[in-house]
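Chain residues, written in single-letter form:
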Amino acid sequence: MPAPMTSRFENALVFAARLHRQQRRKGSNVPYVSHLLAVAALVIEEGGDEDEAIAALLHDAIEDQGGPTARERIRCRFGERVTAIVEGCTDYQADSRPPWEERKRDYIAGIGEKSVSVRLVAAADKLHNARSILRDYRNLGEQVWQRFEGRKERTLWYYRAVADALASSGRTPLVDELDRVVGDIERLVSGEPGTSGPDG
């Protein structure tokens, strides 16, 4: 049984909420912290320890909220292991942002070399995102793809490639669920018999 969360996790909750205070989920007015809480919940429910749960709360901090400065703040507050997990979930950290497809291909290519902890947080992150895409596609239809830099084809490619790469690195209940949800999106988008369309 995992040890109970301590004040470090409580501090991380406040830190993450403040860090992402002005951020919203793509194409919506939903506060971004909702995603961070969902990813942390998936990690905890999967048996993740406190460092992994904290990293789940902070997994987008370096990428979205300050790069090296955010990294150093995380290191000082939560230690090297949490920082390493967050870095492993980050697809760029430099001041210059590489093109979308280059970043995504590099991220996918490196999944097999990531630690078990990084893959746990990454699977939880991508699973929550995929569930959100599936729900929003059912409600909004094709317009949902406009919120993504990769639009429809490349976004679908990315989630399938990540799911496959994680599965090749070691199947877990989270990875299996990610594979199922991505499959549901693919079938729904393609209009395969037995799937419900965007309107349900």
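To be clear, the structure that these remarks concern was listed above.
Let me begin by describing the structure that accompanies this report. (Residues numbered from 1 in each chain as written. Predicted model: local features only at pLDDT ≥ 70, side-chain atom pairs only at ≥ 80, totals over all residues. Heavy atoms only, no water.)

1. Some thoughts on the overall build of the chain
Worth spelling out the cut-off: Where helices and strands are cited, they refer to DSSP runs of H or I of at least four residues and of E of at least two residues respectively, numbered from the N terminus. Radius of gyration here is computed from C-alpha atoms only, and the compact-globule reference equals 2.2 Å multiplied by the residue count raised to the power 0.38. Note on contacts: a residue pair qualifies if any of its non-hydrogen atoms lie within 4.5 Å across the two residues. Using a 1.4 Å probe, the Shrake-Rupley method yields the accessible areas, and only the shown protein chains count as cover for residues.
Looking only at helices and strands, the chain has ten helices and zero strands in total. Counted from the first residue to the last, the chain has its helices and strands arranged as α-α-α-α-α-α-α-α-α-α. A compact globule built from 200 residues should have a C-alpha radius of gyration of about 16 Å, and the chain, at 17 Å, falls within 12% of that. Sequence separation of 24 or more characterises 68% of the internal contacts of the chain that already satisfy a separation of 6 or more. Total accessible area on the chain is roughly 10000 Å²; 49% of this is exposed by carbon and sulfur atoms.

2. Some points on a positive patch on the surface
Counted only if it meets this: The residues that make up patches have over 30% relative accessible area and no salt bridge, and they are joined within 9 Å when like-charged or within 5 Å when they are Val, Leu, Ile, Met, Phe, Trp or Tyr. Here, a salt bridge means any side-chain nitrogen of Lys or Arg that lies within 4 Å of a carboxyl oxygen of Asp or Glu. Positive residues here are Lys and Arg, negative ones are Asp and Glu, while His and the chain termini are left out of the count. Lysine's charge is taken at NZ, arginine's at CZ, aspartate's at CG and glutamate's at CD.
Together, Arg18, Arg21, Arg73 and Arg77 line one region of the surface with positive charge. Inspection of the secondary structure puts Arg73 in helix 5 (residues 68-78).

3. With respect to the layout of surface pockets
Threshold: Here a cavity denotes grid points, spaced 1 Å and computed from the protein atoms alone, that fit a 1.4 Å probe unable to get out, and a pocket denotes an open set having protein on both sides within 12 Å along at least 5 of 7 lines; residues with an atom within 4 Å of a point are the lining. Grid points are joined across faces, edges and corners, and a volume is the space filled by probe spheres set on the points. Ten residues, namely Ala, Val, Leu, Ile, Met, Phe, Trp, Tyr, Cys and Pro, are considered nonpolar, four, namely Asp, Glu, Lys and Arg, are considered charged, and the remaining ones, Gly among them, are considered polar.
A volume near 820 Å³ is recorded for the largest pocket. Along the wall of the largest pocket there are 36 residues; nearest its centre are Lys26, Tyr32, Asn129, Phe148 and Tyr159. Listing elements by their share of the lining of the largest pocket, those giving two or more residues are helix 2 (33-45), helix 4 (61-64), helix 7 (100-110), helix 8 (116-140) and helix 9 (151-169). With eight residues, helix 8 is the largest single contributor of residues to the lining of the largest pocket. Here the residues of the lining of the largest pocket sort into eleven nonpolar, nine polar and 16 charged. Size it by volume and the second largest pocket reaches roughly 160 Å³. What lines the second largest pocket is Glu46, Val116, Arg119, Leu120, Ala123, Leu166, Ser169, Gly170, Thr172, Leu174 and Val175. Of all the secondary-structure elements, those providing two or more residues to the lining of the second largest pocket are helix 8, helix 9 and helix 10 (173-190).

From the geometry alone we can't say anything about function, so treat these as descriptive.
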